[in-house]
Amino acid sequence: VKLPTQRLVLVADLLSVSVFAVQGAALAIQANLDLLGVMVLSFVAALGGGILRDLLIGASPPQALKTWWYPALAIAVGAATFVLHRWVLQIPPPLLIGLDAVGLGLAAVAGTEKTLAYGLHPFIAVLIGGLNGVGGGTIRDVLLDHVPTVLRTDIYATAAMTGAVVLIAAQACGLPARWAAGLGFTACVLLRLVSVWQHWSLPHIQAA
Amino acid sequence: VKLPTQRLVLVADLLSVSVFAVQGAALAIQANLDLLGVMVLSFVAALGGGILRDLLIGASPPQALKTWWYPALAIAVGAATFVLHRWVLQIPPPLLIGLDAVGLGLAAVAGTEKTLAYGLHPFIAVLIGGLNGVGGGTIRDVLLDHVPTVLRTDIYATAAMTGAVVLIAAQACGLPARWAAGLGFTACVLLRLVSVWQHWSLPHIQAA
Amino acid sequence: VKLPTQRLVLVADLLSVSVFAVQGAALAIQANLDLLGVMVLSFVAALGGGILRDLLIGASPPQALKTWWYPALAIAVGAATFVLHRWVLQIPPPLLIGLDAVGLGLAAVAGTEKTLAYGLHPFIAVLIGGLNGVGGGTIRDVLLDHVPTVLRTDIYATAAMTGAVVLIAAQACGLPARWAAGLGFTACVLLRLVSVWQHWSLPHIQAA
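The written sequence of each chain sets the order in which its residues are numbered from 1. Here the convention is simple: chains get letters from A, ligands get numbers from 1, in the order in which they are written. For a predicted model such as this one, the threshold for reporting local features is a pLDDT of at least 70, and the threshold for listing and counting side-chain atom pairs is 80 or more; totals across whole chains, interfaces and linings nevertheless cover every residue. Only hydrogens and water are set aside; all other atoms, that is, all heavy atoms of the structure, feed into the side-chain values.

Draft legend 1. Representation of the overall build of chain A within the structure. When helices and strands are counted, chain A shows eight helices and zero strands. For the purposes of this entry, the term helix denotes a DSSP run of H or I that reaches at least four residues, the term strand denotes a run of E that reaches at least two, and both are numbered from the N terminus. Walking chain A from its N terminus toward its C terminus, one meets helices and strands in the order α-α-α-α-α-α-α-α. Atoms counted for the radius of gyration: C-alpha only. Globule rule: 2.2 Å times the number of residues to the power 0.38. In terms of overall size, chain A behaves like a compact globule, its C-alpha atoms giving a radius of gyration of 17 Å where 208 residues would be expected to give roughly 17 Å. Based on the C-alpha atoms only, the size of chain A along its principal axes is roughly 50 × 50 × 30 Å. A 1.4 Å probe rolled over the protein chains alone gives each residue an accessible area, and that area as a share of the maximum for its type sets the label: buried under 20%, exposed over 50%, partly exposed in between. Expressed as a percentage of its 208 residues, the buried residues of chain A come to 52%. The contact criterion used is simple: two residues touch if any of their non-hydrogen atoms lie within 4.5 Å. For chain A, restricting intrachain contacts to residue pairs at least 6 apart in sequence, the fraction spanning at least 24 positions comes to 74%.

See the structure below:
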């Protein structure tokens, strides 16, 4: 699967693996895991979504295990977060939220494109695009013995799937692949950031 | 894999996806998940067992992701349960238990037959038949941060595996495929319903 | 994948499946699961690591489901632990720890060798070797609604990955396969036992 603007994507990809890994490590440190647990949570948070995607669409072995450097990056970021945790805790939250939105958008686009490339239905591609964005965080939260955050609050998976829908719609309108990908990415990031800024959330039913 | 009495099976299949989806959605609403969480739990409860089955026997991509309408049905049922939850809570429990037993029986038969069709040992087919029946509920309960209900109480997975054993025994006795499937299905549903009615359960060890 | 000293490995393999199954069953009994839950936890604890390994490297169907007797052994050991639980509770802990270390070492070696045989990078083989050792216990703990023990304490996954590194280094030095496997196995078992004896653990960060 060839993605548009290869070098830009690579940089964004490394960035998004790093952001998800830092978040996984920070939550693992809060949960009092040891160094190994912190590195495992970094790995899972950064690469779990893509691994689930590849297992489900039948891409075997998963992309994340075909080279050594994606896992190595995720684990090294986890170890660095462990060592430098006082410093990491001081990263301004808006910066983390912004980088996380970029990571989410990239994962959504990559998941949607790869699912389409494997010949599955666009509706399935939207679901897998969303899973690619939130699957790592979901496994992370299950290992930390929480109900996954993504199921409870916020416009998060919704932003990922919106990006997937925009990408597919743009392709259907005849836009070139890189433009469609760019539009889907932008829609995901914008919706995510605006929803954080405006405190949007999906409806809940109040327990009686 | 061609199943007997195709149209009947299709109707039963749609019914069982719907029942598992309603149950997943109802538990998600009780756990105070948002609309997205409710739809995810419907999807997972309805289709998770079949997806686990297909990953384990090597049927890739899973049946549930080959068409758009199984996921769409599960998700739509989840959304409808969210909107109509007051009404759904009033469905008489015996009706839900009956429909759930039908869904369990169908999943057990489908899992057993598909595993045999992929050339695995009948003993493995019994295990996968049981997993097909209870896997969705297990993932559902893990995401809701419970010990899976199926591991604690009731004759449930046991009923699914009994149906699988009856199906395989009937085939070994030379019965035609559709009769064997019908017998396995009937054994599962009957055992499930009688065990609920009679409050049967498997032995526990009392904590000291 | 042909392993060295076939008969010895078979004996060790049956032993390690049994040990992991006994541990899974004992934890399930403590968590008040019923007989079915106990057998499921035995199965998962004994075979889950190998199944995860095979799903990730693309060995389909997983080795543990290709024959009936690995699952049957795990389940039978679970049932026996249930029936004989008073007796099982009296097994001296040092014996269990020793057998568990042997099981860990064997799983680490098997996971590393199989991953290399499937053409993946040695770094990935170390990760999968570790996962082969601890994956079953991880799924077991998730089903029991705990944070996996392996992420919190002890030199456990670390011992498995150390064994994997030793195996790969020995192969790179030109040692014959069975010597390399033996060295990796020995390194894992020794590190595990010494770390239990000396109460070694990985660093934690104290919650503020």
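Draft legend 2. Representation of the state of the cysteines within the structure. Two cysteine sulfurs form a disulfide in these notes if their separation is within 2.5 Å. A complete count under the given rule lists zero disulfides over all chains for this structure. Between cysteine 188 of chain A, a cysteine without a disulfide, and cysteine 173 of chain A, which holds the nearest cysteine sulfur, the sulfur-to-sulfur distance is 19 Å.

Draft legend 3. Looking closely at the relation of the copies chain B and chain A. When the copies are superposed, the least-squares fit takes in the C-alpha atoms of residues with a pLDDT of at least 70 in both. Overlaying chain B on chain A yields an RMSD of 0.0 Å, the required transformation being a rotation through 120 degrees with an accompanying axial translation of 0.0 Å. Taken together, the turn and the small shift mark the pair as related by a three-fold rotation axis. When C-alpha positions in chain B are compared against the rotation axis, the closest is assigned to aspartate 145 of chain B, at 3.8 Å.

Draft legend 4. Summary view of the relation of the copies chain C and chain A. Mapping chain C onto chain A calls for a rotation angle of 120 degrees and an axial translation of 0.0 Å; the resulting RMSD is 0.0 Å. Different-surface contact between copies: only 11% of interface residues of chain C are shared with the interface of chain A.

Draft legend 5. Quick peek at unusual backbone geometry. A cis amide bond links serine 60 of chain A to the next residue, proline 61 of chain A, at an omega of -5 degrees. Relative to the helices and strands, proline 61 of chain A resides in the loop between α2 (35-57) and α3 (69-83). Non-glycine residue asparagine 32 of chain C carries a positive phi angle of around 70 degrees. By the element assignment, asparagine 32 of chain C lies in the loop between α1 (6-30) and α2 (35-57). Its identity as a non-glycine residue notwithstanding, histidine 199 of chain C has a phi of 55 degrees, on the positive side. The topology assignment puts histidine 199 of chain C in the segment after α8 (177-197). Using a relative accessible area of 70% as the deciding quantity, one classes histidine 199 of chain C as exposed.

Draft legend 6. Expanded view of the interface of chain B and chain A. Listed per partner, the contact involves 28 residues of chain B and 28 residues of chain A. For the pairing of chain B and chain A, the buried interface totals around 2,300 Å² over both sides, and the portion due to carbon and sulfur atoms is 71%. Area buried by chain B at its contact with chain A is led by Asp34, Leu36 and Leu65 of chain B, which between them contribute 26% of it. Here a salt bridge means any side-chain nitrogen of Lys or Arg lying within 4 Å of a carboxyl oxygen belonging to Asp or Glu. At the junction of chain B and chain A, the tally comes to zero salt bridges. In protein, a polar contact means a hydrogen-donor-capable atom and an acceptor-capable atom, both N or O and within 3.5 Å, with residues adjacent in sequence counting only if both atoms are side-chain atoms; elsewhere, any N or O pair within 3.5 Å suffices. Counting across the chain B and chain A interface gives three residue pairs in polar contact (both at pLDDT 80 or more). It is helix α2 (residues 35-57) of chain B that provides the largest number of residues to the side of chain B that touches chain A, a total of eight residues. Buried surface area refers to the total accessible area, computed with a probe of radius 1.4 Å, that the two partners give up upon joining, counted for both partners together.

Draft legend 7. Region of the structure containing the packing of α2 of chain A against α3 of chain A. Residues and elements named next belong to chain A. It is the contact of α2 with α3, at a shortest axis distance of 8 Å, that shows an interaxial angle of 135 degrees. By the criterion of interaxial angle, the relationship of α2 to α3 is oblique. Crossing angle aside, the handedness with which α2 passes α3 is right-handed. In this structure, α2 uses Leu35, Val38, Met39, Ser42, Phe43, Ala46 and Leu47 to contact α3, whose residues at the interface are Tyr70, Pro71, Ala74, Ile75, Gly78, Ala79 and Phe82. Looking at the contact of α2 with α3 residue by residue, the classes come out as 12 nonpolar, two polar and no charged. Every axis corresponds to a line fitted to the C-alpha atoms, with the helix fit spanning only the stretch in contact, and the corresponding angles, defined between N-to-C directions, vary from 0 to 180 degrees. Roughly parallel refers to an angle under 35 degrees, roughly antiparallel to one over 145, roughly perpendicular to one between 65 and 115, and oblique to any angle outside these ranges. Crossings are classed by handedness, with left-handed meaning an anticlockwise turn of the near helix from the far one by less than a right angle and right-handed meaning a clockwise turn. Charged residues are taken to be Asp, Glu, Lys and Arg, nonpolar residues to be Ala, Val, Leu, Ile, Met, Phe, Trp, Tyr, Cys and Pro, and polar residues to be all remaining types, Gly included.

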